[in-house]
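Residue-level structural notes
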Amino acid sequence: MRRGLDALLPGRRIRYVRIYRDDLILGGATPKSFRGKVSGSTFGRVRRRAKHLLFSLSSDGESRKAGKSSSGKSGPSSFLMRAQVRMTGRFAVAAKRSEAADFRHPGIDFRLDNGQTLFYDDVRRLGGFDLFAPADWEKLASTLGPEPLGRGFAADGLARILSPLRAPVKNVLLDQRKIAGIGNIYACEALHRARIDPRRHACSLEPEEMRRLHRAIRDILRAALEGAGTTLRDFRSVSGSYGSFQNRLRVYQRAGDRCPSCAEATVSRVVQAGRSSFFCPGCQR
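Residues numbered from 1 in each chain as written. Predicted model: local features only at pLDDT ≥ 70, side-chain atom pairs only at ≥ 80, totals over all residues. Heavy atoms only, no water.

A short note on the pairing of strand β3 (residues 52-58)
Summarising burial for β3: 7 of the 7 residues are buried, a large majority. Burial along β3 is two-sided: His52, Leu54, Ser56 and Ser58 and Leu53, Phe55 and Leu57, pointing in opposite directions, are all buried. With 6 bridges connecting them, strand β2 (residues 42-49) and β3 associate as antiparallel partners. Bridge pairing in β3 links Phe43 to Leu57. (Buried < 20%, exposed > 50% of the residue type's maximum accessible area, 1.4 Å probe, protein only. Helix = DSSP H or I, 4+ residues; strand = E, 2+ residues; numbered from the N terminus. Pairing = 2+ DSSP bridges.)

Remarks on the pairing of strand β7 (residues 117-122)
For β7, the buried fraction is high: 6 of the 6 residues fall into the buried class. Side chains of β7 alternate between two faces, with Thr117, Phe119 and Asp121 and Leu118, Tyr120 and Asp122 buried alike. Relative to β7, strand β5 (residues 89-94) runs antiparallel, the two sharing 6 bridges. Bridge assignment links Ala92 to a residue of β7, and that residue is Phe119. The turn linking strand β6 (residues 106-112) back onto β7 is made up of 4 residues, and Gly115 within it adopts a positive phi angle of 90°.

Looking at the nonpolar core
Leu162, Val169, Leu213 and Ile217 are the most contacted members of the largest nonpolar core, which totals 35 residues. For this core, the elements supplying multiple residues, two or more each, are α5 (155-162), α6 (169-174), α7 (184-193) and α8 (207-226). No other element matches the 8 residues that α8 contributes to this core. Among residues more than four places away in sequence, those in contact with Leu162 are Val169, Val172, Ala202, Cys203, Leu205, Met210 and Leu213. Counting residues in hydrophobic clusters, the runner-up holds 27 residues, among them Leu53, Ala83, Phe91 and Phe110. (Core = buried A, V, L, I, M, F, W, Y, C linked by side-chain atoms within 4.5 Å. Contact = heavy atoms within 4.5 Å.)

Side note on the sheet that holds strand β1 (residues 14-19)
What the 4 strands build is an open sheet, ordered β1-β6-β7-β5; its pairing is antiparallel. Looking at the sheet topology across the chains shown, the edges are occupied by β1 and β5. Going across the sheet, the axis of each strand differs from the next one's by a mean of 15°, ignoring polarity. Contacts between helix α2 (residues 31-38) and the sheet are confined to β1 and β6, with β1 contributing the most and set at about 165° to the helix. (Axes fitted to C-alpha atoms, helices over the stretch in contact; angles between N-to-C directions.)

Considerations on the packing of aromatic side chains
The description of an aromatic ring pair rests on the distance of the ring centres and on the angle between the ring planes. Taken as a whole and assessed by the stated rule, the structure comprises 9 aromatic pairs. Plain terms: the ring middles of Phe91 and Tyr120 are 5.1 Å apart, the flat faces sit at 50° to each other, and that makes the pair tilted. Within this pair, whereas Phe91 is found in strand β5, its partner Tyr120 is found in strand β7, the two being separated by 29 residues in sequence. Each member of the pair Phe91 and Tyr120 is classed as buried. A ring pair is formed by Phe110 and Phe129, whose centres lie 5.9 Å apart and whose planes are at 50°; its orientation type is tilted. Pair noted here: Phe110 is in strand β6 and Phe129 is in strand β8 (residues 128-132), with a separation of 19 residues, a long-range link. Of the residues examined, Phe110 reaches a relative accessible area of 0% and is grouped as buried. Taking the relative accessible area as the measure of exposure, Phe129 reaches 0% and is therefore buried. Through pairs of rings, three or more aromatic residues link up here, namely Phe34, Phe43, Phe55, Phe91, Phe110, Tyr120 and Phe129. (Phe/Tyr/Trp six-rings, centres within 6.5 Å; stacked < 30°, edge-to-face > 60°.)

What follows is the structure, given as structure tokens:
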């Protein structure tokens, strides 16, 4: 989603904003103040931190070149718009809503200076938008864990996170304060690939298991990005296409199926902290 938006938005000016659902505006902003701040601003880079999309916006019409700068730092007149899409939020860029694939639950429209519109659609309205000064965002971001695809995320770093904790390892992987950006699907798949039962205490993992889990997390996330995500029901890319990683899922939502790894046990499902965990009791002892 970030990649698709970043290819289309930098340098585009927002002519006006239409808000269909006031409850999509979060934080201290009101729909009126949100429209007033965002209208007339220009998109810079689109970034991501954990499960947050971050739109760099400039109120002084910075050029496309400035918006595409690799430093990732905002100028003095810049601010950030954060979007949390959660379960059912989607974006599309098109001339008309009817051209966006199955966009029938309007949330917010951002009319652009090239005649197109950035549409946000959210059937369950679980997502939302808020605005940050760069320094305020950095304070919030400092409370999040390391990015699992970041250069500094090594196996020994994962061990330092997990080793002191008696919580189930699956729950720790989903805790954004510990590790940022891993969702339920990918936690299940990584634990299966690493042959670790999701109910194990995090502190019980041996060094070799830590290394297997570290490698599995990174491999699964890279493969999911290459596959443009996982579409089980709602997810679409910005272009409207489906993700393809659902075709490579080995345990998620496959309870009762024969495990594709050991071909002996059947995939089981348990509930952990309100989320479904899928695993093979044969492979993941």
